[in-house]
Structure formats: structure tokens, C-alpha cells
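Spelled out, the chains give:
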Amino acid sequence: MRINGKNRLACKTLIKDINPEKPITVEPIKGLTVLKDLVVDMEPFFQAYRDVMPFLVTKDTNEPTRERLQSAEDRERFDDTTKCILCAACTSSCPVFWNDGQYFGPAAIVNAHRFIFDSRDEAGEQRLEILNDRDGVWRCRTTFNCTDACPRGIEVTKAIQEVKRALITRRY
């Protein structure tokens, strides 16, 4: 929710950190329809998440018989974006998302990034095509609101820029 004009996790926000001497304003997050009081309709947010295929895709259709191992270097390539908890703080802090209900939003792009750069995944090209749409990564205006809002410290804007670069160069 928005507390004193900033997206925050209410369960992690300490009163002492938001100056208890002044009035505290609590509002629903922006860009999503308010259902009641502080409750918003999260369905558009989760639909964008589902649309980017946030799961590992391999050609092997059988149940794996062992772990799908990966080097530490390969894992490091997308390690930051695995920290996303789908709180919508980044997406609902984005002015493009507020004004354009079709934009995937930062959280969906971050979760696509996680799999685009996973060396075990085989659907990176497909995800890139999904995000190459007019409502995909190109709608990002790089205001850094998303990175500032992320309670997990994910470099959201950096991840979005890496997806843009992968689209241009087709290297990931």
C-alpha cells in the first residue's frame, strides 16, 4: 500500500521510520482498481505475470530424474530477479502503468528476465517476442520509481534494460 505517498510493505513498515510526529496517510496502491478501502483488484497484475511465462521451459517433457544443474556464473546472471515476491510495489509505482492499463509492468518484466537469462530454459526467444509488443519493455520510460519502490532491493530498471538489450542484440 502507499504510506505517506510511497509504496511500502505495510507488514514491514515501522512507525518510527515514517515520522510518527506527523500524520500518517495510508492509501491503496496506484494503477489498480480499488475494490474496497485499501483492497485493489490484483488480477491485471497477475495476468501480466502469467502472460510472460514465469516458469522453466525445457524440451524434455518427462519428469526429470535429477536436478537441472547450473554453474554459479550462469545463476549469477539472473540472481537478482529471483528475489521478486510479487508485491506489486514496483508496478504500482510506475507512471506508465498508472496511465496505460495494457503495459506489462516492471514485475512481469523482472519475472520474464529471470527465465530469459536462465541457461536451462529454452523459451527465452518466445518471452522476448512477448515483451517486444508495444505494451512490453518499450513502454518503460526509465524513471527508476520501480527500483526505488522494491522492498527487496531488486535493480528493476537494470533488468528491464537488459531485456531491451537482449531484444536488440538477440543475445542472452
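Everything below is about the structure printed above this text.
The present account deals with the structure reproduced in this document. (Residues numbered from 1 in each chain as written. Predicted model: local features only at pLDDT ≥ 70, side-chain atom pairs only at ≥ 80, totals over all residues. Heavy atoms only, no water.)

The backbone of Asn 4 shows a phi angle near 50 degrees, a positive value even though the residue is not glycine. The class for Asn 4 is partly exposed, based on a relative accessible area of 33%. Although it is not a glycine, Asn 19 adopts a positive phi angle of roughly 60 degrees. For Asn 19, the location among the structural elements is in the loop between β2 (6-7) and β3 (26-27). Accessibility expressed as a relative area gives 33% for Asn 19, which makes it partly exposed. (Buried < 20%, exposed > 50% of the residue type's maximum accessible area, 1.4 Å probe, protein only. Helix = DSSP H or I, 4+ residues; strand = E, 2+ residues; numbered from the N terminus.)

In this structure, Tyr 103, Ile 109, Leu 131, Val 156 and Val 163 are the most contacted members of the largest nonpolar core, which totals 35 residues. Among the secondary structure elements, those contributing two or more residues to this core are α1 (43-51), α3 (95-99), α4 (106-116), α5 (124-131) and α7 (156-169). Residues in contact with Val 163, not counting those within four places in the same chain, are Ile 109, His 113, Ile 116, Phe 117, Leu 128, Leu 131 and Val 137. (Core = buried A, V, L, I, M, F, W, Y, C linked by side-chain atoms within 4.5 Å. Contact = heavy atoms within 4.5 Å.)

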